[in-house]
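# Inside the fold
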Amino acid sequence: MTKIKARTIVFGGMALLVAGFFIFAFIPKPLPVDMGSVDRGDLTVHTSDDGRTQVRELYVVYAPVAGRLLRIQGEEGDPVIAGETVIATMRPSGPGFLDERRSKEAEAAVAAAEAALALAQSDVKRAQAEVDFAKAEIKRTRELVANKVSSPAMLDRAELGLRTSEAQLDTAQSAVRVRRADLEVARAALIAPGNEDGTGPGLIEIKSPISGRIMKLVHESEGVVLAGTPLLELGDPAELEIIADFLSHEAVKVKKGARVEIDGWGGAPLEGFVRLVEPKGFTKVSALGIEEQRVNIIIDFAPGVLAAHPEIGHGFRVEPRIVISEGKDVLRIPTSALFMDNRVWSVFQVIGGVATITPVEIGRMNTDHAEVISGLSEGDLVILYPSDSVHEGIKVESRKKFFRV
């Protein structure tokens, strides 16, 4: 009887143990999740895009005349002084070569000009003879009038003839001067390259219009250039600005004077501020082939930034982050806890170890935090990055992290 009781106790204990094992095994375990809490802190909302630095006033120097540009000796980055530094030297263009037809035409023009000059000189001789005759006529008429053989009216007519002859002489002499000038023009057309007499203009020195540095050599080598050919670009690297094109729906949120964090240039973030939001947008095709309406925003560096970082130059890539709004000591939660439930912002709030869907009203939001207007209180726990396994009423626990040594 004792053996039966002992066997019953042993088997009964084993049955209880197995039953307890199965009960424990099938009891639902809390789902491990990442948790965060509602806290208070600063909340800054900003918008960012790519931009580039540029000299505020970039001067392009053009060739003032057509001619041969001598090789520019300056290098990119060299300093220049306004009105003093010679940045380029030019020799005006000489005459061009004449083909056979144009040469014959020029020679014929010279011959015609010489003939016209000879004709004008003959007119001068004729006019001079008439003047001499008119003077002699006046002398004879005066003697006749003195002897009362001729009337004073005859003397008046003789004087009129002299004045008329002198006027014709002046006209003929002017015509000679005109014909001489025409002859010089015709002879100049025959001047061939390399046969200049050296009386023309010499070298032209182009001086820098501003004080700064040479930013770019557009036409460095010696060669023939036309008037208006760009030669150099000048600017002052100490007066840099940033130009960045933002999507138009982001640009409308930006105000003049807004604070800017300048990153992505190769060092710690720098400070700046918005100087201008351009009033006109433009269409730009994105890398995906989508047409976007964009607006240029001009940003200035804060005072002293460029002096402390002279390594920043023209055309450098930067990533400006423009501050749209800032909040101090606001109630906030991580944005990773938010999801949409029936078009309402919601979170999984952890109450007594159970996940509960809680609608919340959200204000300002950035990539890290969102401002809580209502629905949660400071210190409340919420689930971060909720997966499909999380649902209303499920038990949860904070995810434990294990490290391998």
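Residues numbered from 1 in each chain as written. Predicted model: local features only at pLDDT ≥ 70, side-chain atom pairs only at ≥ 80, totals over all residues. Heavy atoms only, no water.

This next bit is on the overall build of the protein chain. The helix and strand inventory of the protein chain stands at five helices and 23 strands. Look at the contacts in the protein chain between residues 6 or more apart in sequence, and 77% of them connect residues 24 or more apart. For the protein chain, the computed accessible surface area is about 25,800 Å², with 56% contributed by carbon and sulfur atoms. (Helix = DSSP H or I, 4+ residues; strand = E, 2+ residues; numbered from the N terminus. Contact = heavy atoms within 4.5 Å. Areas by Shrake-Rupley, 256 points an atom, 1.4 Å probe, with all protein chains shown as cover.)

Relative orientation of the contacting elements helix α2 (residues 100–146) and helix α3 (residues 152–188) amounts to 165°, with a least axis distance of 7 Å. Classified by the interaxial angle, the pair formed by α2 and α3 is roughly antiparallel. The element α2 and its partner α3 pack so that their crossing is left-handed. In terms of residue class, the contact of α2 with α3 is built from 24 nonpolar, seven polar and 12 charged. (Axes fitted to C-alpha atoms, helices over the stretch in contact; angles between N-to-C directions. Parallel < 35°, antiparallel > 145°, perpendicular 65-115°, else oblique. Left-handed = near helix turned anticlockwise from the far one by under 90°. Nonpolar A, V, L, I, M, F, W, Y, C, P; charged D, E, K, R; others polar.)

Attention shifts here to the sheet that holds strand β6 (residues 79–80). Taking strand neighbours across the sheet as the criterion, the four strands line up as β4-β11-β9-β6 in an open arrangement whose pairing is antiparallel. Strands at the two margins of the open sheet, each flanked by one partner only, are β4 (59–62) and β6. Judged from the four bridges that link them, strand β9 (residues 212–217) and strand β11 (residues 230–235) form a sheet pairing that is antiparallel. Each bridged residue has a counterpart across the sheet, and for Lys 216 the counterpart in β11 is Glu 233. (Pairing = 2+ DSSP bridges.)

Backbone hydrogen bonds hold the strands of a sheet together, and the pairing may be parallel or antiparallel. Pairing within the open sheet is antiparallel, and its four strands lie in the order β8-β7-β5-β10. One side of each edge strand has no neighbouring strand; the edge strands of this open sheet are β8 (204–207) and β10 (223–225). With direction set aside, neighbouring strand axes in the sheet form an average angle of 35°. In terms of strand pairing, strand β7 (residues 86–92) meets β8 through four bridges, oriented antiparallel. Within β8, the residue paired with Met 90 across the bridge is Ile 204.

One ladder, built from three bridges, connects strand β1 (residues 31–37) with strand β23 (residues 396–398); its direction is parallel. Paired with Val 33 across the strands is Ser 398, a residue of β23. In this sheet, strand β22 (residues 381–384) lies alongside β1 in antiparallel orientation, the contact comprising four bridges. Residue pairing in the sheet places Gly 36 in a bridge with Val 382 of β22.

Glancing now at unusual backbone geometry. Positive phi, normally seen in glycine, also occurs at Asn 342, with a value near 55°. Tracing the backbone shows Asn 342 in the loop between β17 (339–341) and β18 (344–351). Although it is not a glycine, Tyr 385 sits at a positive phi angle of roughly 50°. Topologically, Tyr 385 is positioned in the loop between β22 and β23.

Time to look at the environment of Phe 273. Looking at the element boundaries, Phe 273 is found in strand β14 (residues 270–285). Separated by 27 residues in sequence, Phe 273 and Asp 300 place their C-alpha atoms 5.6 Å apart.

In this section: the pattern of salt bridges. Charged atoms that come close allow side chains of opposite charge to pair. Scanning the entire structure with this criterion turns up 26 salt bridges. When the shortest N-O distance is used, the salt bridge between Asp 34 and Arg 399 registers 3.2 Å. With Asp 34 in strand β1 and Arg 399 in the segment after β23, this pair connects stretches of sequence that are 365 residues apart. Between Glu 241 and Arg 56 there is a salt bridge, and its shortest N-O distance comes to 3.9 Å. Linking Glu 241 in strand β12 (residues 240–247) with Arg 56 in the loop between β3 (51–55) and β4, this pair joins segments that are 185 residues apart in sequence. (Salt bridge = Lys/Arg side-chain N within 4 Å of Asp/Glu carboxyl O.)

This brings us to the nonpolar core. Within the largest apolar cluster, 24 residues are counted, with the highest numbers of intra-cluster contacts made by Ile 262, Leu 270, Val 274, Ile 297, Phe 301 and Ile 322. Elements with a minimum of two residues in this core: β12, β13 (259–263), β14, β15 (291–301), α5 (305–308) and β16 (317–334). Not counting residues within four places of it along the chain, the set of residues in contact with Leu 270 comprises Val 260, Glu 261, Ile 262, Trp 265, Phe 301, Val 305, His 309 and Ile 312. Counting 17 residues, the second largest nonpolar core, distinct from the first, contains Ala 113, Val 131, Leu 155 and Leu 162. (Core = buried A, V, L, I, M, F, W, Y, C linked by side-chain atoms within 4.5 Å. Buried < 20%, exposed > 50% of the residue type's maximum accessible area, 1.4 Å probe, protein only.)

Taken together, the side chains of Met 340, Trp 345 and Met 365 define a hydrophobic patch exposed on the protein surface, amounting to about 270 Å² of accessible area. Relative to the helices and strands, Trp 345 resides in strand β18. Accessibility expressed as a relative area gives 34% for Trp 345, which makes it partly exposed. (Patch = residues over 30% accessible without salt bridge, like charges linked within 9 Å, V, L, I, M, F, W, Y side chains within 5 Å.)

Looking now at the confidence of the model for the protein chain. Here the protein chain averages 85 in pLDDT, and 89% of its residues register 70 or above. Confidence over residues 401–405 falls short of pLDDT 50; this stretch has zero contacts with residues more than four positions distant or in other chains. (pLDDT = per-residue confidence, 0-100.)

Here we take up α2. With 47 residues, α2 extends 69 Å from end C-alpha to end C-alpha; this agrees with the ideal 69 Å at 1.5 Å per step. Three or more residues of α2 are buried, namely Ala 106, Val 110, Ala 113, Leu 117, Ala 120, Val 124, Ala 127, Val 131, Ala 134, Ile 138 and Thr 141. Among the structural elements, α3 are those in contact with the buried residues of α2. Phi turns positive one or two residues past the end of α2, at Lys 148, with a value near 60°. (Expected span 1.5 Å × (residues − 1).)

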